[in-house]
Amino acid sequence: MPKPIRLSTENFLIFGILLFAAAMRLWNIEHWTFTNDELSALSRLQFDSLGAVLENGVKLNDAHPAGTQIFLYLWTAMFGTSEIAVRIPFVLIGVLCTYGIFQIGRRWIHFNAGLIAATLFAGLGFTVTYTLLARPYAPGLLGVIWVLLFITKLVR
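The paragraphs below set out a description of the structure included in this document. In this text, all values refer to a predicted model and were calculated from it rather than measured experimentally.

Overview of helix H5 (residues 83-108)
Here is step 1: End to end, H5 covers 37 Å across 26 residues, agreeing with the expected 38 Å (1.5 Å per residue, within 8%).
Here is step 2: Largest kink in H5: about 30°, centred on Pro89.

Right under this line is the structure:
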């Protein structure tokens, strides 16, 4: 049975960093227009079926892995293609990446190193931008973080 979350300084700090990460990614999100890369991905969703998207939108016209394109096809079918609707899952993935960076720093070095790494990741313009865009960058980074955490668990 999982332990209940306790109120402690450490938990308060990481929660604050995660809120900061979310705020940095959500700040002014309604005024960000799509980048050309995102518009290209959204234009390749204009097919009647997932099979057609894979055949005509991914195999013929895209060098990226198909996972994000499949996700975008299903997501936009349910929630539409507004900037906010398309980017919200990538914002959440960016916040998960921030927590993963904290866990890596905590397990490899020290709790404080995890806090510092997560804070930097949460606020650097490069990481904020690339975990906000509806492209495979944020899911790919989350996959790398999961692999690192899994390898860390295996080694210990």
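Having seen the model, we can carry on.
Notes on the packing of aromatic side chains
Here is step 1: Counted under the stated rule, the structure contains 7 aromatic pairs.
Here is step 2: Their ring planes at 40° and their centres at 4.3 Å tell us that Trp75 and Phe79 sit as a pair that is tilted. With Trp75 and Phe79 both in helix H4 (residues 66-79), this residue pair falls 4 residues apart, about one helical turn.
Here is step 3: Looking at Phe79, the relative accessible area reads 47%, which means it is partly exposed.

Some remarks on a nonpolar patch on the surface
Here is step 1: Taken together, the side chains of Val147, Phe150, Ile151, Leu154 and Val155 make up a nonpolar region of the molecular surface, amounting to roughly 530 Å² of accessible area.
Here is step 2: Looking at the secondary structure, you find Leu154 in helix H8 (residues 137-155).

Some words on helix H6 (residues 111-123)
Here is step 1: Between its terminal C-alpha atoms H6 stretches 19 Å, which fits the 18 Å expected from 13 residues at 1.5 Å a residue.
Here is step 2: At its buried positions, H6 is contacted by helix H1 (9-26), H5, helix H7 (125-130) and H8.

Some thoughts on the pattern of salt bridges
Here is step 1: Tallied over the entire structure, the rule returns 2 salt bridges.
Here is step 2: With its nearest N and O atoms 3.1 Å apart, the salt bridge here joins Asp37 to Arg135. One end of the pair, Asp37, is in helix H2 (residues 36-43); the other, Arg135, is in the loop between H7 and H8, with 98 residues separating them in the sequence.
Here is step 3: Its relative accessible area of 1% is what places Arg135 among the buried residues.
Here is step 4: The residue Arg87 makes a salt bridge to Glu38 at a minimum N-O spacing of 2.5 Å. Of this pair, Arg87 sits in helix H5 while Glu38 sits in helix H2, and the two are 49 residues apart along the sequence. As far as the burial class goes, Arg87 and Glu38 line up, both buried.

Focus: unusual backbone geometry
Here is step 1: A positive phi angle, close to 60°, is found at Asn28, a residue other than glycine.
Here is step 2: With respect to the helices and strands, Asn28 occurs in the loop between H1 and H2.

Some points on the packing of H1 against H5
Here is step 1: Interaxial distance between H1 and H5 falls to 9 Å at its minimum, and their mutual angle equals 145°. As for the relative orientation of H1 and H5, their crossing is right-handed in sense. When H1 is examined against H5, the residues Ile14, Ile17, Leu18, Ala21, Ala22, Arg25 and Leu26 are found in contact with a partner set consisting of Ile88, Val91, Gly94, Val95, Thr98, Tyr99 and Phe102.

Here is what the cut-offs are and how they apply
- Residues numbered from 1 in each chain as written.
- Predicted model: local features only at pLDDT ≥ 70, side-chain atom pairs only at ≥ 80, totals over all residues.
- Heavy atoms only, no water.
- Helix = DSSP H or I, 4+ residues; strand = E, 2+ residues; numbered from the N terminus.
- Expected span 1.5 Å × (residues − 1).
- Bend = angle between axes of the 7 residues up to and from the residue.
- Phe/Tyr/Trp six-rings, centres within 6.5 Å; stacked < 30°, edge-to-face > 60°.
- Buried < 20%, exposed > 50% of the residue type's maximum accessible area, 1.4 Å probe, protein only.
- Patch = residues over 30% accessible without salt bridge, like charges linked within 9 Å, V, L, I, M, F, W, Y side chains within 5 Å.
- Areas by Shrake-Rupley, 256 points an atom, 1.4 Å probe, with all protein chains shown as cover.
- Salt bridge = Lys/Arg side-chain N within 4 Å of Asp/Glu carboxyl O.
- Contact = heavy atoms within 4.5 Å.
- Axes fitted to C-alpha atoms, helices over the stretch in contact; angles between N-to-C directions.
- Left-handed = near helix turned anticlockwise from the far one by under 90°.

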